[in-house]
Amino acid sequence: MTTPRRSLLILALGLLAPVVAASAPAVATEQVAPPTAADRSIGRADAPVTVIEYGSFSCHVCAAWHEMVWPTFKQRFIDTGQVRFVFRNLPTQPEELSLSGAALARCAAPDRFFDVAASLMHGQAAVLRGGNREDWYNPAIAVSGRTRAQIDACVTTPATRAAITRDIESAHAADVHSTPAFFVNGRRVTDRTLGGLEVAIRAAAAGQ
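**So, the pattern of salt bridges**
Summed over the entire model, instances satisfying the criterion amount to eight salt bridges. Across the pair D39 and R88 runs a salt bridge whose closest N-O atoms are separated by 2.9 Å. Of the two residues, D39 sits in the loop between α2 (11–22) and β1 (40–42) while R88 sits in strand β3 (residues 83–89), which places them 49 residues apart along the sequence. For the pair D39 and R88, a shared accessibility class is recorded, and that class is buried. Of the charged contacts, one joins R76 and E198 as a salt bridge, the two residues approaching to 3.1 Å between their closest N and O atoms. With R76 in helix α4 (residues 70–78) and E198 in helix α10 (residues 194–205), this pair connects stretches of sequence that are 122 residues apart. Since its relative accessible area comes to 34%, R76 is described here as partly exposed. Taking the relative accessible area as the measure of exposure, E198 reaches 22% and is therefore partly exposed.

Structure follows, in structure tokens:
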């Protein structure tokens, strides 16, 4: 029987092959799939603007964005009801980290997803430098709204695998193959600075 300490450490072995096999790019349509109830999102469901990020928990640029831009972005646009923000996983190398992080976040209580994401992004640099993975997982589990046993029971389930695969397939359908990638009301935005996203959000809100 797998012990709780080992289950997250071997998670990628259970997820890696099927997820990567399912993620082979189809013909790119460059159309991002609209949010559904299966997505992890924060903000008003009826907000006038939806921002979708494709990110990875092993992407250092994603971590930098979430550390430096996200707090102000959230305060300015999400907390004021202007934006609904959706996070979708597009695992990057090393996939044993990005996939285990994706599954851990997915298995959190839905209203704690972004707390877990923040914890994983914050601790990413240390684990990429060779730090202990348990030291990366544990703070995230602590804010997940789930027990360690519940997380361990969830991370290798078909439902978790399917959710990550769905994110990957939607990324490839939108011609996204690197992270982070942002869409504002369905339009890709290449300037991921706070100012660049603000311009796109203002234009989307104005119907442009």
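**Let's talk about the nonpolar core**
Membership of the largest hydrophobic core comes to 55 residues, with the highest contact counts inside it found for V51, Y54, F57, F73, V83, F85 and V184. Aside from chain neighbours lying at most four places away, what touches F57 is F87, N89, S98, G101, A102, A105, A117, L120, M121, Q124 and W136.

**Here we look at helix α9 (residues 158–173)**
Helical periodicity: at 3.6 residues per turn, an α-helix aligns residues three or four positions apart in one direction. For α9, with 16 residues, the first-to-last C-alpha span of 22 Å sits near the 22 Å given by 1.5 Å per residue. All of the buried residues in α9 are T160, A163, I164, T165, D167, I168, S170, A171 and H172. Note on α9: the residue one or two positions beyond its end, D175, has a positive phi of about 65°.

**Considerations on the sheet that holds β3**
Taken together, five strands build an open sheet; the order of strands is β1-β3-β2-β4-β5 and the sheet is mixed. Edge positions in the sheet fall to β1 and β5 (187–189), since each of these pairs with one other strand and no more. Direction aside, neighbouring strands of the sheet carry axes that sit 25° apart on average. Where strand β4 (residues 181–184) meets β5, three bridges bridge the pair, whose relative direction is antiparallel. Within β5, the position partnered with F183 by the bridge is R188. Packed onto the sheet, α4 meets β1, β2 (49–55) and β3 and runs at close to 140° relative to β3. Each of β2 and β3 is contacted by α9, which is oriented at about 105° to β3, the strand it contacts most.

**Examining the state of the cysteines**
Following the criterion strictly, the structure yields one disulfide and no others. Each sulfur in the disulfide pair C107 and C154 lies 2.1 Å from the other. Around the S-S axis, the bridge from C107 to C154 shows a dihedral of about -85° and counts as left-handed. Pair noted here: C107 is in helix α5 (residues 95–107) and C154 is in helix α8 (residues 148–154), with a separation of 47 residues, a long-range link.

Rules of the game
Residues numbered from 1 in each chain as written. Predicted model: local features only at pLDDT ≥ 70, side-chain atom pairs only at ≥ 80, totals over all residues. Heavy atoms only, no water. Salt bridge = Lys/Arg side-chain N within 4 Å of Asp/Glu carboxyl O. Helix = DSSP H or I, 4+ residues; strand = E, 2+ residues; numbered from the N terminus. Buried < 20%, exposed > 50% of the residue type's maximum accessible area, 1.4 Å probe, protein only. Core = buried A, V, L, I, M, F, W, Y, C linked by side-chain atoms within 4.5 Å. Contact = heavy atoms within 4.5 Å. Expected span 1.5 Å × (residues − 1). Pairing = 2+ DSSP bridges. Axes fitted to C-alpha atoms, helices over the stretch in contact; angles between N-to-C directions. Disulfide = S-S within 2.5 Å.

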